[in-house]
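Coordinate analysis (summary)
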Amino acid sequence: MATSTFHGLETARRGMMTQQAALRTVGHNIANANTPGYTRQRVNFVQTQAYPGVGRNAPSIPGQVGTGVMAGSIQRIRDAFLDLQYRQHNTQNGYWDARADALIRMEEILNDLDSNGLANQIDQFWSKLQDLSADPEDTAVRYVLREQAVSLADSFNEQYMLLEQVRDDYGNEIGVVTDHLNSLLSQLNEINAQIRKVEPSGYVTNDLYDEQDRLLDQISAIIPIEVQRVKSGGNPNPVAEGAVTVTLKGTGITLVNGADKNALQQFEVAKTENSLGDEYVSGISISNGTDTVNLNVQELPQGGLKGLIEAFGYYQDPTDIDNSEVNGLYPNMLAELNVMVKTFVEALNSAHRIGYTLEDPLTGEVSLGGDFFVFDENKPAGTLKVSDDILNNANNIAAARVNLDGLTDDARQQYQTLLAAKDFAAIRTLLEDENSFKPGAKRAFAGDGQNALLLSEIKDIRLNFNGTASTFSNYYRGVMGRAAVETSEAVSKRDSYEVLRDNVQFERNSVSQVSLDEEMTLMIQFQHAYNAAARNITQIDEMLDRIINGMGIVGR
């Protein structure tokens, strides 16, 4: 049994229409060659059902005859495994980028390379104390020392203030990033809803899938996520990708449900003030408006958001805020400065309190020294200042040592024993006792600078810095050194993950990005196929013309 004479016309028409669809897709790819996040598309050519079909009444012919081609679907060219790798590296890069940025900004504040740096201010202070020990009666030397002490206190105050300001900036940044994350999750939820509406009708929503992936890439820089595709109901196309369910990695918490628009979860980062008025992160809540899941900061997986929280600071035990330790890059550095200042000033003040001032011009009497520096116990580095006694009168700097010849024999022996043990508090008690001195003995001499020398030697005494025994200079260098090491580590890891992420992105681009050279090649290929199908129609038309107009006319 022969097929219809017009069979070839339909086959050629289908060929033209399918090649035309492929050309339209090529045009779409070229138009979006520079669109961020666009994934190139291709037409899946599918052979149409051959003739005849299987059946009892099917004609008996040697074999089935092809009936042409059709565009089965238009599909994105994308590798899900590369997407997974990219998002994993993007999450790590987001965390280390936030951490490195925080540490670099901290390092800029603590920069000691110029003459106004804290290290130089400290060295100058010790130097001026030594100058005073050589010439304790020189008023100018006393003024210079006082001004250097003021400058040192101001340097500590400024560093502390700048660190607090940057920490506050990170507190605001946490709010901005959290709002941005919630916006991304909401947008993704809306995209899911649109996909679920369209796919059951058999459409492939490639542009919506691209938007899905753009949002997922952005979310992955803030928090680590796991993504699972959810097929739509109805009659979806076999290449339809479906909506996505997004969970917070390592917690099992579903943030976006691919099958339920109403299950969207939103983040909130809670900050709570302690009794000192300082605000730190006390927890993270994830809620859909009805049910809420609370996480400690330690339970939040690494990502850009956690990097910001660790820079700002958080309570180790949010259930007991006033007694909880606070952890974080900036709170830890502020605490280090407080410990350093408190320990240094207490040691310096103790030594200053066993020295004697210059003689009072009215009474001719010398006095035991008072505190050289004062501060608020809650924020020593932020409130450090020179005492009012010294600010008002530089003669109150206690540069002179007690006149040992004026002490009784027992008092002198006790003094020397306590001085060797650096027990300045006990020496102060000894010197406050009138019975420690011989009757009529002079307490100190104006030209003596031994106590100023003792003050300058505080830098070489091993002090107890909150459980760490070290000299002041070594402890300061240790704090700065640890900060530099942390910065170097964070920058190195950020750069490493950035390279890994960019390498994967390069591979993704090689798979998914539009290549104009390739598209031009395909355009020529589909154009030739279209022209060939058109020529085929012309050839069939000539055949039909011969049959219709050239046959059966003999004898007319």
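Note: the structure precedes this text.
Cut-offs used in this document
Residues numbered from 1 in each chain as written. Predicted model: local features only at pLDDT ≥ 70, side-chain atom pairs only at ≥ 80, totals over all residues. Heavy atoms only, no water. Pairing = 2+ DSSP bridges. Helix = DSSP H or I, 4+ residues; strand = E, 2+ residues; numbered from the N terminus. Buried < 20%, exposed > 50% of the residue type's maximum accessible area, 1.4 Å probe, protein only. Patch = residues over 30% accessible without salt bridge, like charges linked within 9 Å, V, L, I, M, F, W, Y side chains within 5 Å. Areas by Shrake-Rupley, 256 points an atom, 1.4 Å probe, with all protein chains shown as cover. Salt bridge = Lys/Arg side-chain N within 4 Å of Asp/Glu carboxyl O. Lys, Arg positive; Asp, Glu negative; His and termini not counted. Charge placed at Lys NZ, Arg CZ, Asp CG, Glu CD. Core = buried A, V, L, I, M, F, W, Y, C linked by side-chain atoms within 4.5 Å. Contact = heavy atoms within 4.5 Å. Axes fitted to C-alpha atoms, helices over the stretch in contact; angles between N-to-C directions.

**Some details on the pairing of strand β6 (residues 266-273)**
Each regular strand shows side chains that alternate between the opposite faces of the sheet. As judged from the eight bridges shared by β6 and strand β7 (residues 279-287), these two strands associate in the antiparallel manner. Across the sheet, residue Glu-273 finds its bridge partner in β7, namely Glu-279. The antiparallel pairing of β6 with β7 creates a hairpin that spans five residues between the two strands, and Gly-277 there sits at a positive phi of about 90 degrees.

**A word on unusual backbone geometry**
With phi around 55 degrees, Lys-422 is a residue other than glycine that occupies positive phi space. Inspection of the secondary structure assignment puts Lys-422 in the loop between α10 (409-420) and α11 (424-432). On the basis of relative accessible area, Lys-422 is assigned to the partly exposed category, the value being 39%. Although it is not a glycine, Asn-466 adopts a positive phi angle of roughly 55 degrees. On the secondary structure map, Asn-466 appears in the loop between β13 (463-465) and β14 (468-470). You can call Asn-466 exposed: its relative accessible area is 67%.

**A few points about a negative patch on the surface**
A grouping of Asp-101, Glu-107, Glu-108 and Glu-173 is seen on the molecular surface, where their side chains present a negatively charged patch. Among the secondary structure elements, Glu-108 is positioned in helix α2 (residues 80-109). Of the residues examined, Glu-108 reaches a relative accessible area of 57% and is grouped as exposed.

**As for the nonpolar core**
The biggest cluster of nonpolar side chains holds 114 residues, and the ones touching the most others in it are Phe-125, Ile-223, Phe-267, Leu-305, Ile-309, Leu-348 and Phe-373. Tallying contributions element by element places helix α4 (residues 139-198) first for this core, with 18 residues. Setting aside its immediate chain neighbours within four residues, Leu-348 contacts Phe-125, Trp-126, Leu-129, Phe-372, Phe-373, Leu-455 and Ile-458.

**As for the sheet that holds strand β5 (residues 253-256)**
As summarised here, the arrangement of the three strands in space is β3-β4-β5, forming an open sheet in which the pairing is antiparallel. Edge positions in the sheet fall to β3 (225-230) and β5, since each of these pairs with one other strand and no more. Neighbour-to-neighbour, the strand axes of the sheet open up by a mean angle of 35 degrees, direction not taken into account. As judged from the three bridges shared by strand β4 (residues 243-248) and β5, these two strands associate in the antiparallel manner. Each bridged residue has a counterpart across the sheet, and for Thr-247 the counterpart in β5 is Thr-254. Against the sheet, α4 makes contact with β4 and β5, and its axis sits at roughly 150 degrees relative to β4, the strand it touches most.

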